[in-house]
Amino acid sequence: MNLYLDATEQAYAELTRLDQVAGDGDYGDNLREGLRGAVARIPDDADLAGEFETAATYFLDEVGGTSGPLIGLLFNDVGASLDRGGDGDAALVAGLDAGTAAISRVGEAKVGDRTMLDCLGPTVDDMHAAKPPVNWTMVANQAFDHARATAELSPRMGRASYVGERAVGTPDAGAMGMALLFWALAVYRDPASRGQLPDPGHLM
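Treat the numbers as computed from the prediction; the structure is a model and nothing was measured.

Thresholds, definitions, all that
Residues numbered from 1 in each chain as written. Predicted model: local features only at pLDDT ≥ 70, side-chain atom pairs only at ≥ 80, totals over all residues. Heavy atoms only, no water. Helix = DSSP H or I, 4+ residues; strand = E, 2+ residues; numbered from the N terminus. Rg over C-alpha atoms; globule rule 2.2 N^0.38 Å. Buried < 20%, exposed > 50% of the residue type's maximum accessible area, 1.4 Å probe, protein only. Contact = heavy atoms within 4.5 Å. Polar contact = N/O pair within 3.5 Å; in protein donor to acceptor, adjacent residues only side chain to side chain. Patch = residues over 30% accessible without salt bridge, like charges linked within 9 Å, V, L, I, M, F, W, Y side chains within 5 Å. Areas by Shrake-Rupley, 256 points an atom, 1.4 Å probe, with all protein chains shown as cover. Salt bridge = Lys/Arg side-chain N within 4 Å of Asp/Glu carboxyl O. Lys, Arg positive; Asp, Glu negative; His and termini not counted. Charge placed at Lys NZ, Arg CZ, Asp CG, Glu CD. Core = buried A, V, L, I, M, F, W, Y, C linked by side-chain atoms within 4.5 Å.

Comments concerning the overall build of the protein chain
Within the protein chain one finds nine helices and zero strands. For the protein chain, the succession of helices and strands along the chain, N to C, is α-α-α-α-α-α-α-α-α. For a compact globule of 204 residues, the expected C-alpha radius of gyration is about 17 Å, and the protein chain comes in at 15 Å, within 12% of that figure. Across its three principal directions, the C-alpha atoms of the protein chain cover 45 × 35 × 30 Å. Counting every position in the protein chain, which comprises 204 residues, the buried fraction comes to 53%. The long-range fraction of contacts in the protein chain, counting pairs at least 24 apart against all pairs at least 6 apart in sequence, stands at 67%.

Observations regarding the side chain of Asp19
Topologically, Asp19 is positioned in helix 1 (residues 2–22). Within the structure, the side chain of Asp19 is placed 2.9 Å from the backbone nitrogen of Gly25, a separation counted as a polar contact. Not counting residues up to four positions away in its chain, the partners in contact with Asp19 are Asp24, Gly25, Asp26, Tyr27 and Ala173.

Some words on unusual backbone geometry
The omega angle of the peptide bond from Pro132 to Pro133 is 0°, so this bond is cis rather than trans. Position of Pro133 among the secondary structure elements: in the loop between helix 6 (117–129) and helix 7 (136–149). Notably, Glu108 is not glycine yet its phi reads approximately 55°, a positive angle. On the secondary structure map, Glu108 appears in the loop between helix 5 (89–107) and helix 6. A positive phi angle, near 65°, is found at Arg114, a position not held by glycine. Note that Arg114 resides in the loop between helix 5 and helix 6.

Looking at a negative patch on the surface
Taken together, the side chains of Asp44, Asp45, Asp47 and Asp83 make up a negatively charged region of the molecular surface. Structurally, Asp44 can be placed in the loop between helix 2 (27–41) and helix 3 (48–62).

Describing the pattern of salt bridges
What the rule picks out here adds up to 10 salt bridges. Here Glu33 makes a salt bridge to Arg36, at a shortest N to O gap of 2.9 Å. In this pair, Glu33 and Arg36 both sit in helix 2, three residues apart, roughly one turn of the helix. By relative accessible area, Glu33 is classed as partly exposed at 35%. Assessed through its relative accessible area of 36%, Arg36 is described here as partly exposed. Salt bridges here are not isolated pairs; linked through shared partners, they connect Glu9, Asp29, Arg32, Glu33 and Arg36.

A look at the nonpolar core
A general feature of soluble globular proteins is that nonpolar side chains tend to end up buried together. Of all hydrophobic cores here, the largest spans 60 residues; its most connected members are Tyr4, Phe75, Leu96 and Phe182. The set of elements that each furnish at least two residues to this core consists of helix 1, helix 2, helix 3, helix 4 (67–85), helix 5, helix 6, helix 7 and helix 9 (173–189). At 13 residues, helix 9 tops the list of elements feeding residues into this core.

This is the structure:
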């Protein structure tokens, strides 16, 4: 979570700018403040499952906006999967898969609606299609590709749907926020991958 917070701090201005095009302009605030609050509550001796579980509780209980509770659902499923299966790639992928399904179910969105699912869904599919072990550097780069591709989509959900075609040409902030999660997971798994990934401060 510290890595995710670090990436979000660097990307804050860009996330805010993206959300001002097709949202309320508060996505950067919600994600950054949510991660700051979660990190402050994570015990020093927490394992990866504990980090996700603590962050899940904070996002579900404390973070506003549409995205806060949905991110909390994702974190909750990832933490639960890691608790059951250990700190391994298979458990992490299973948790991301379950969390993506939960977001779709609760948020009533699907891939193609120009939401965070347009990063999560295709990236999880990429992981299932690839042979193990997971190449997290490749996964993170694919996640950024999927997030950037939302620039071609017309929004169909929430406030962004009222903006319509005016949003086309600019990536969805929520999708880019999820790409930053994959960035953090890649650097967590292999710190050397940082040099092979996009700079969070210059997403575009």
